[in-house]
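A closer look at the structure
Chain by chain, the residues run as shown.
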Amino acid sequence: MKRFFVMLTVCLLAGFAFAQEVSETGGEEIEAIGTKTQEITIEDTYSEMHPRAKTVSLSIDYTPLTGEVRFYYKCMAASFDQGEAMNTAMAVFEKFALENQYRHYSYQEKDRTKYSKDGRGVRMATYESHVLFRR
């Protein structure tokens with residue numbers, strides 16, 4: 001009976017060690033494929049697309065494995081125009097598609113506009129668009 005428990009314990013420990021070894025190497029392979037979301041800040045070269053808003057911050061969150069992109073357009077609420085934000089988003093998507101060899105993109109959900117206050121109490125507007133690129 002003691003031999004049975006000793007063998008069972010040895011088998012379980014060996015199994016746990018093997019499972020841990022596989023999970024450690026598997027994680028590196030998946031990360032190498034590109035499952036991590038990349039945060040990319042975009043330089044504002046689209047000033048003709050948004051003439052009312054003078055200071056705009058543009059950024060995207062890009063997941064290479066799925067081709068999923070979330071676009072963020074942030075400016076002061078007083079100078080925010082949703083049409084200008086949408087035009088800027090389309091220009092960024094076209095340039096992004098060319099740079100990363102994508103052909104098409106489709107919207108995954110309705111675009112959102114959120115209002116908030118920054119640290120100085122200035123009211124800010126954030127426009128968010130969520131698209132999926134396909135090759």
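Here the structure is shown first, and the text comes after it.
Notes on the structure in this doc start here.

Rules of the game
- Residues numbered from 1 in each chain as written.
- Predicted model: local features only at pLDDT ≥ 70, side-chain atom pairs only at ≥ 80, totals over all residues.
- Heavy atoms only, no water.
- Helix = DSSP H or I, 4+ residues; strand = E, 2+ residues; numbered from the N terminus.
- Buried < 20%, exposed > 50% of the residue type's maximum accessible area, 1.4 Å probe, protein only.
- Areas by Shrake-Rupley, 256 points an atom, 1.4 Å probe, with all protein chains shown as cover.
- Phe/Tyr/Trp six-rings, centres within 6.5 Å; stacked < 30°, edge-to-face > 60°.
- Lys NZ or Arg CZ within 6 Å of the ring centre and 35° of its normal.
- Pairing = 2+ DSSP bridges.
- Expected span 1.5 Å × (residues − 1).
- Contact = heavy atoms within 4.5 Å.

Quick look at the overall build of the chain now. Helix and strand counts for the chain stand at 2 helices and 6 strands. Helices and strands appear in the chain in the N-to-C order α-β-β-β-α-β-β-β. Across the 135 residues in the chain, those meeting the buried criterion constitute 27%. Of the roughly 9,500 Å² of accessible surface on the chain, 57% is carried by carbon and sulfur atoms.

Another point: the packing of aromatic side chains. Overall, the coordinates contain 12 aromatic pairs when judged by the stated rule. Seen from their ring centres, F96 and F133 are 5.2 Å apart, and the 50° between their planes marks the pair as tilted. You can see F96 sitting in helix α2 (residues 82-99) and its partner F133 sitting in strand β6 (residues 123-134), a full 37 residues away along the chain. Residues F96 and F133 agree in their burial class; the two are buried. Between Y105 and F133, the aromatic rings sit 5.4 Å apart at their centres with planes inclined by 50°, giving tilted as the arrangement. Here Y105, found in strand β4 (residues 104-107), pairs with F133, found in strand β6; they are 28 residues apart in sequence, far enough to count as distant. Taken together through their ring pairs, the aromatic side chains of Y62, F71, F93, F96, Y102, Y105, Y107 and F133 make up a single cluster. R135 extends its terminal NZ or CZ atom over the ring of Y102, reaching a point 4.3 Å from the ring centre.

Phi at Q101 takes a positive value of approximately 55°, unusual for a residue other than glycine. The residue Q101 is located in the loop between α2 and β4 in this model.

This part covers the pairing of β6. Of all 12 residues in β6, 9 are buried; the element is thus mostly enclosed. The pairing of strand β3 (residues 68-76) with β6 spans 9 bridges and is antiparallel. Looking at β6, one finds that M76 is bridged to M124. Examined bridge by bridge, β4 and β6 share 4 bridges and lie antiparallel to one another. Among the inter-strand pairings, Y105 is bridged to a residue of β6, identified as F133. Where strand β5 (residues 112-117) meets β6, 6 bridges bridge the pair, whose relative direction is antiparallel. Residue R112 lies in a different strand from β6, and its bridge partner there is E128.

Moving on, we come to α2. Here α2 contains 18 residues, and its C-alpha end-to-end distance of 26 Å stays within 8% of the 26 Å for a straight helix at 1.5 Å per residue. For α2, the complete set of buried residues consists of E84, A85, T88, A89, A91, V92, F93, F96 and A97. In this structure, the buried side of α2 is in contact with β1 (38-42), β2 (57-63), β3, β4 and β6. Looking at the residues trailing α2, positive phi occurs at Q101, about 55°.

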